[in-house]
Amino acid sequence: MADVGLLVPAPLWGLVPWLTAAVVAVSGHRAGALNRRGAMAATLVGGCAMAGGVGPGALLVGWFVWTTGWSRAGRARKAARTGSVVAKGGARDAWQVAANGGVYALGVLVALGAPALAPMALVAATGALAAAGADTLATEVGTWWGGDPWSLRTRRRVATGTSGAVTPVGTAALGVSALVVAALAAALAVISWRALPAVVAGGVAGALADTVAGAWLQLRRWCPACDTATEQDPHDCGAATRVAGGWRWLDNDAVNLLATVVGAAVAWGVWGGR
Ligand SMILES: [Zn+2]
């Protein structure tokens, strides 16, 4: 912190992570990756991560750039393929930020508060982040290049963007992303290189849990006017949609949160049980 000390008086050093997080969040907002509340949530999540040091902070920023880049690449083609299916697109809101980054921020706080637990807590936190990234990549790359996906539940081809549907390309992207996030974490010394397989396992397991929950448990809606499945209400045709299955409270954000919890738990279990 010596270089920072030249710029900021010592009593204010505690503010540096939060100010840095705010700057990154506002940049994300300006770039259209976060809406206003999403930027506030990202400041909180990012502040926690950066309070954990340069490594955990840089890992979160790297993850954000990696996932946002893939979300934005090929946007026109993806929007054309999923326009009338998915409920949320474009800028991430506060719930999406909390669902994707909340477990990571919590893990870093545990590492800060209980140094004896820090190595385990950071492996679990990184597993959560790897899961969130793997899930995002599976969706984004699968939507872009994957063709029509298969529903795990019905074992039939379904519309692109349907929750719980998979493509071979998306599934490959899932594994690659888990590896990329784990390797970045190891390169930044957030985890040791020996913990890399545990974090990859957590990332893959979390993203697969997301897909399974999306297929069987997540709220499904049906547009009677278009005679098609959708997550929107009302549908983009203007008609009200009805519940067609799944749990009413289990929306996409809750499923993403579940993925990060599974990612953290599996990474923790694999690393702790080695
Ligand atoms: Zn419709």
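All of the points below concern the structure found in this document. (Residues numbered from 1 in each chain as written. Predicted model: local features only at pLDDT ≥ 70, side-chain atom pairs only at ≥ 80, totals over all residues. Heavy atoms only, no water.)

A look at unusual backbone geometry
Item 1. Omega for the peptide link from Asp 233 to Pro 234 comes to -5°, which places this bond in the cis form.
Item 2. Following the sequence through the fold, Pro 234 ends up in the loop between β4 (228–230) and β5 (242–245).
Item 3. Even without a glycine there, the phi angle at Ala 189 is positive, about 65°.
Item 4. Position of Ala 189 relative to the elements: it lies in the loop between α8 (168–187) and α9 (196–216).
Item 5. With a relative accessible area of 64%, Ala 189 lands in the exposed category.
Item 6. For Asp 227, which is not glycine, the phi dihedral falls at a positive 60°.
Item 7. Along the chain, the position of Asp 227 falls in the loop between β3 (220–223) and β4. (Helix = DSSP H or I, 4+ residues; strand = E, 2+ residues; numbered from the N terminus. Buried < 20%, exposed > 50% of the residue type's maximum accessible area, 1.4 Å probe, protein only.)

Looking at the packing of aromatic side chains
The description of two aromatic rings rests on the distance between their centres and on the angle between their planes.
Item 1. Scanning all chains against the criterion turns up 5 aromatic pairs.
Item 2. Taken together, a centroid distance of 6.3 Å and an interplanar angle of 75° make the contact between Trp 70 and Trp 145 edge-to-face. Taken as a pair, Trp 70 in helix α4 (residues 54–72) and Trp 145 in helix α7 (residues 118–145) lie far apart in primary sequence, 75 residues in all.
Item 3. By relative accessible area, which is 49% here, Trp 145 ends up partly exposed.
Item 4. Chaining the aromatic ring pairs together yields one cluster made of Trp 66, Trp 70, Trp 144 and Trp 145. (Phe/Tyr/Trp six-rings, centres within 6.5 Å; stacked < 30°, edge-to-face > 60°.)

Honestly, that's just the spatial picture; any functional story needs more than this.
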